[in-house]
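The primary structure of each chain is shown beneath.
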Amino acid sequence: MPTITSRLLSIQETIPKEVCLVAVSKTKPVESILEAYHAGQRVFGENKVQEMVEKQAVLPKDISWHMIGHLQRNKVKYMAPFVSLIHGVDSLKTLQEIQKQAKKNNRVIDCLLQVHIASEAHKFGFSFEEIHELLANPILQELDCVRITGLMGMATFTDDTTQISKEFSALQQLFEAVKSKTLHIISMGMSSDYPLAITHGSTMVRVGSAIFGKRNYKQ
Ligand SMILES: *Cc1c(COP(=O)(O)O)cnc(C)c1O
């Protein structure tokens, strides 16, 4: 049986050092996170605010916590004191709520805009056009406690690598069109498709089950 440590180390070996590995620990116990932590991992991703808050309270304070799930605006306040990157921002309203809570905490919170690249209707995110519109919206200048540092996308859940490739390369093209000194992260790739995502320029991969093993229920 491979351990969390051995799986983590072998993944770290295969990804270029400039790509950030987010260890997705949702549904996994703090013991598992600690094992990864002791193997050197410092960036963890969760998709439920409550779960992240509970884990953050008991785990080492030098962990960077990333919120990767779909965001409910009324939950932003609970993570605002510590969250280091919010991946799934999909509306201006959410950005405005993050602004409000970041300000209360005297922080600037980094955010990624989620882009809809999958063929499934249920995946959240902005369309390409909406991304261009939002980035041109003067209202962003008022959000001085929010920093849009990149884009995030999730490919269709399929074995068809041609389709996944197409979706990743569409996101890569959008990223190339809008990237700047500040907007420099492209978060794409999960356990099943992160090597492919990296070939399409991903700078941040979100890997859960390939490190921690299968989750007991689908989330
Ligand atoms: C769960 C999740 C992941 C990780 O999924 P794995 O297939 O276990 O690697 C990545 N990104 C998001 C947004 C997730 O919800």
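Sequence order as written defines the numbering, with residues in each chain counted from 1. Note on the predicted model: pLDDT of at least 70 is required for a residue's local features to be given, and 80 or more for side-chain atom pairs to be given and counted; whole-chain, interface and lining totals, by contrast, use all residues. Processing note: side-chain calculations cover all non-hydrogen atoms of the structure and skip hydrogens and water entirely.

**Some words on the overall build of the protein**
Rule in force here: Secondary structure elements are defined from DSSP: runs of H or I of at least 4 residues count as helices, runs of E of at least 2 residues count as strands, and each element is numbered from the N terminus. Within these notes, the globule rule equals 2.2 Å times the number of residues to the 0.38 power, and the radius of gyration is based on C-alpha atoms. Using a 1.4 Å probe on the protein chains alone, a residue whose accessible area is under 20% of its type maximum counts as buried, one over 50% counts as exposed, and one in between counts as partly exposed. Here, two residues are considered to be in contact whenever any of their heavy atoms come within 4.5 Å of each other.
Looking only at helices and strands, one finds 9 helices and 8 strands in the protein. Relative to the globule expectation of 17 Å for 219 residues, the C-alpha radius of gyration of the protein, 17 Å, shows essentially globular dimensions. Across its three principal axes, the protein shows a C-alpha extent of roughly 55 × 40 × 30 Å. Put simply, the protein has 219 residues, and 50% of those count as buried. The long-range fraction of contacts in the protein, counting pairs at least 24 apart against all pairs at least 6 apart in sequence, stands at 60%.

**Looking at the pairing of strand β2 (residues 43-46)**
Condition: When DSSP finds two or more bridges between a pair of strands, those strands are recorded as paired. When the strands point away from the viewer, a crossover counts as right-handed if the route from the first strand across the helix to the second turns clockwise.
Where burial is concerned, the two faces of β2 agree: the one with V43 and G45 and the one with F44 and E46 are both buried. In this sheet, β2 lies alongside strand β1 (residues 20-24) in parallel orientation, the contact comprising 2 bridges. Across the sheet, the residue bridging to A23 is F44, located in β2. Considered for its hand, the β-α-β crossover made up of β1, helix α2 (residues 30-38) and β2 is right-handed.

**As for the layout of surface pockets**
Empty space left among the atoms is revealed by rolling a probe the size of a water molecule over them. Condition: The definitions used throughout rest on a 1 Å grid laid over the protein atoms alone, on which a cavity is an enclosed set of points accommodating a 1.4 Å probe that cannot get out and a pocket is an open set flanked by protein within 12 Å on both sides along at least five of seven lines; lining residues are those having an atom within 4 Å of a point. Grid points are joined across faces, edges and corners, and a volume is the space filled by probe spheres set on the points. Note that Gly is not counted as nonpolar here; it falls among the polar residues with everything else outside the nonpolar set of Ala, Val, Leu, Ile, Met, Phe, Trp, Tyr, Cys and Pro and the charged set of Asp, Glu, Lys and Arg.
Estimates place the volume of the second largest pocket at around 240 Å³. If you trace the second largest pocket, you find it lined by L135, L140, Q141, L143, V146, R147, I148, V178, S180, T182 and L183. Broken down by element, the residue count for the lining of the second largest pocket peaks at 3 residues, all from strand β6 (residues 146-153). Among the residues making up the lining of the second largest pocket, the classes are represented as 7 nonpolar, 3 polar and 1 charged.

**Quick word on helix α5 (residues 92-104)**
Operational definition: Take the number of residues in a helix, subtract one, and multiply by 1.5 Å to get its expected span.
With 13 residues, α5 should reach 18 Å at 1.5 Å per residue; the first-to-last C-alpha distance of 19 Å fits that figure. Listing the buried residues of α5 in full gives T94, L95, E97, I98, Q99, Q101 and A102. Check the buried side of α5 and you find it contacts α4 (76-79), β4 (85-89), β5 (109-115), α6 (128-136) and β6. Immediately downstream of α5, the backbone of N106 shows phi near 55°, a positive value.

**Structural notes on the site of the ligand**
Under the convention used in this document: Being near a molecule or strand, for a residue, comes down to having at least one heavy atom within 4 Å of it. Under the rule applied, a polar contact is a pair of N or O atoms within 3.5 Å (in protein, one hydrogen donor and one hydrogen acceptor; residues adjacent in sequence only if both atoms are side-chain atoms). Note that accessible areas follow from Shrake-Rupley with a 1.4 Å probe, and for residues the cover is restricted to the protein chains shown.
Residues in close proximity to the ligand include V24, K26, I68, M152, M154, M190, S191, R206, V207, G208, S209 and R215, which together make up its full environment. S191 has a polar side-chain atom sitting 2.5 Å from an oxygen atom of the ligand. The separation between an oxygen atom of the ligand and a polar side-chain atom of R215 is 2.8 Å. Isolated, the ligand exposes 390 Å² of accessible area, and the fraction of that covered by the protein chains is 92%. Its residues assigned to classes, the shell around the ligand shows 6 nonpolar, 3 polar and 3 charged.

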